[in-house]
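Reading the structure
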Amino acid sequence: MSGKVAEFAELESEFDAYVGRIVYSTMVTVDSKNRPRTRVLIPIWENVDGNPVGWLATYKTPVKAAHIARNPHVSFSYWDRRNDSVAIDATAAWDDDMAVRQRVWDLYSRTSPPGAGYPLGQFWSSPADPKLHIMRLEPFRIQVIRGRDLRSRIWQQERVRV
């Protein structure tokens, strides 16, 4: 059974619970031949003026950078053994402004939502570390599926941002 919700707030608590418990997400990008490429990462999420916004602290590898430059559409998938899952379709853009880097560093440390995130100091020396790059994620569709009965709820942004 699948149902649409008008506001992100209608599924936000379930989204936060699943993401906070599952933590690791498979990110999908598309290469120049339209083939998918996956990698497992830990994005963090917050509610900004009623809409979800994601942040990804990551290395800007040549492959990932080329994929995002060619096609900014990405997909994230969370899944656990209970069959609880979250699917997020979003657009991605690099944002290496120092104020953003510091803010995201702090969000990861606090974990957002609770349970997700980790101390970025495990991989980078500080927000100013030149190897640290920040990707802003603007979801346009989120589906949350409860495993025990496969109830699905879908939130979609009214206008897809490219």
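For clarity, every value in this text was computed on a predicted model and none was experimentally measured.

Points about the pairing of strand β9 (residues 151–156)
For β9, the buried fraction is high: 5 of the 6 residues fall into the buried class. Across 4 bridges, strand β1 (residues 2–5) lies against β9 in parallel orientation. What sits directly across from Lys4, in β9, is Ile154. Where strand β8 (residues 133–146) meets β9, 6 bridges bridge the pair, whose relative direction is antiparallel.

Focus: the pattern of salt bridges
The tally for this structure, following the rule as stated, stands at 9 salt bridges. Across the salt bridge formed by Arg103 and Glu46, the nearest N and O atoms sit 2.7 Å from each other. Residue Arg103 is located in helix α3 (residues 98–110), and its partner Glu46 is located in strand β4 (residues 44–48); the two are separated by 57 residues in the primary sequence. Across the salt bridge formed by Asp96 and Arg101, the nearest N and O atoms sit 3.3 Å from each other.

Examining the packing of aromatic side chains
Summed over all chains, the structure comprises 8 aromatic pairs. Among the aromatic residues, those joined into a cluster by ring pairs are Phe8, Phe15, Trp45, Phe76 and Trp155.

Describing the nonpolar core
Among the nonpolar cores identified, the biggest contains 41 residues, and Phe15, Val86, Ile88 and Ile142 are the most heavily contacted of them. If you list the elements that add at least two residues to this core, you get α1 (9–22), β4, β5 (51–58), β6 (73–79), β7 (85–94), α3 and β8. If we skip the residues at most four places from it in the chain, Ile142 touches Phe8, Leu11, Phe15, Pro52, Val86, Ala87, Ile88, Arg153, Ile154 and Trp155.

Here we look at the environment of Arg110
One can find Arg110 in helix α3. Judged by relative accessible area, which is 58%, Arg110 ranks as exposed. Between the C-alpha atoms of Arg110 and Lys64, which are 46 residues apart in sequence, the distance is 26 Å.

About the cut-offs
All chains use their own residue numbering, which begins from 1 and follows the written sequence. Whole-chain, interface and lining totals are the exception, using all residues; otherwise, since this is a predicted model, local features are given only for residues with pLDDT of at least 70 and side-chain atom pairs are given and counted only at 80 or more. Side-chain measures here rest on the full set of heavy atoms in the structure, leaving out hydrogens and waters. Note on exposure labels: buried denotes an accessible area under 20% of the residue type's maximum, exposed denotes more than 50%, and partly exposed covers the range between, all computed with a 1.4 Å probe on protein chains only. Secondary structure is summarised from DSSP: a helix means a run of H or I of at least four residues, a strand means a run of E of at least two, and numbering begins at the N terminus for each. Two strands pair if DSSP finds at least two bridges between them. The rule for a salt bridge is simple: a side-chain nitrogen of Lys or Arg has to be within 4 Å of a carboxyl oxygen of Asp or Glu. A pair of aromatic rings is counted whenever rings of Phe, Tyr or Trp (Trp by its six-membered ring) have centres within 6.5 Å, and the orientation is called stacked for planes under 30 degrees apart, edge-to-face for over 60 and tilted otherwise. By nonpolar core is meant a set of buried Ala, Val, Leu, Ile, Met, Phe, Trp, Tyr and Cys residues that side-chain atoms within 4.5 Å join together. Residue contacts are counted whenever heavy atoms from the two residues lie within 4.5 Å of one another.

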